[in-house]
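Geometric and topological summary
Here is what each chain is made of, one letter per residue.
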Amino acid sequence: MTVLGTLNLAIMIAVLACCIGGVMGGLRIARPRSLKPRGRAEERAYGGMLILAHAGAAMGLGYAPSLGRLLAAAVALGWLGAALGRLLSLLLDRQKDPMLRQALILELLMALALGLPWLGVGGTSFGGGTEV
């Protein structure tokens, strides 16, 4: 059996999503958008949270997939919460900015990608029988 035959596709997609989330956190740290010092500090704190949350989920998926599935699911719920908040903002504030809709799509895709291992998609067993 080859190495590629033992990889779980859902875990690979989730680890890729973790890398994307970590890069997004790094960009928040490197280039905060706020002009006020307190706003920059808040954005950098949010960026650090993004980096470490996604790094923890990726490490869990790589070293202990059964635990990593739960960590990835927790991060996926965070992305789903962000998407729901953005959707509420779009509906209540009646924003027409297309960037907000694009961000909503990204948040939903991140939630889906990180939720795949927890949902048991792409693996041979749900109990952690497949290692990366």
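Refer to the structure presented above.
A brief look at the structure comes next. (Residues numbered from 1 in each chain as written. Predicted model: local features only at pLDDT ≥ 70, side-chain atom pairs only at ≥ 80, totals over all residues. Heavy atoms only, no water.)

1. Description of the packing of helix α4 (residues 65-93) against helix α5 (residues 98-119)
Closest axis-to-axis distance for the α4/α5 pair is 8 Å, and the angle between their directions is 160 degrees. As judged from the angle between their axes, α4 and α5 are roughly antiparallel. In the crossing of α4 with α5, the sense of the turn from one axis to the other is left-handed. For the contact of α4 with α5, the per-class residue count stands at 20 nonpolar, 1 polar and 4 charged. (Axes fitted to C-alpha atoms, helices over the stretch in contact; angles between N-to-C directions. Helix = DSSP H or I, 4+ residues; strand = E, 2+ residues; numbered from the N terminus. Parallel < 35°, antiparallel > 145°, perpendicular 65-115°, else oblique. Left-handed = near helix turned anticlockwise from the far one by under 90°. Nonpolar A, V, L, I, M, F, W, Y, C, P; charged D, E, K, R; others polar.)

2. Regarding the layout of surface pockets
Size it by volume and the largest pocket reaches roughly 600 Å³. Along the wall of the largest pocket there are 24 residues; nearest its centre are M24, R28, Y46, W79 and E107. Of all the secondary structure elements, the ones that give two or more residues to the lining of the largest pocket are α2 (9-30), α3 (37-63), α4 and α5. For the lining of the largest pocket, the class distribution of residues is 14 nonpolar, 3 polar and 7 charged. By volume, the second largest pocket is sized at about 160 Å³. Every residue lining the second largest pocket is listed: A73, A76, L77, L80, A111, L112, G115, W118 and L119. Counting residues per element, the lining of the second largest pocket draws most heavily on α5, which supplies 5 residues. Here the residues of the lining of the second largest pocket sort into 8 nonpolar, 1 polar and no charged. (1 Å grid on protein atoms, 1.4 Å probe; cavity = no way out; pocket = protein on both sides within 12 Å on 5 of 7 lines; lining within 4 Å. Points joined across faces, edges and corners; volume = space filled by probe spheres on them.)

3. Comments concerning the side chain of H54
With respect to the secondary-structure elements, H54 resides in helix α3. Residue H54 is classed as buried on the basis of its relative accessible area, which comes to 2%. Those residues in contact with H54 that lie beyond four places of it in its chain are A17, C18, G21, G22, V75, W79, M110 and L114. (Buried < 20%, exposed > 50% of the residue type's maximum accessible area, 1.4 Å probe, protein only. Contact = heavy atoms within 4.5 Å.)

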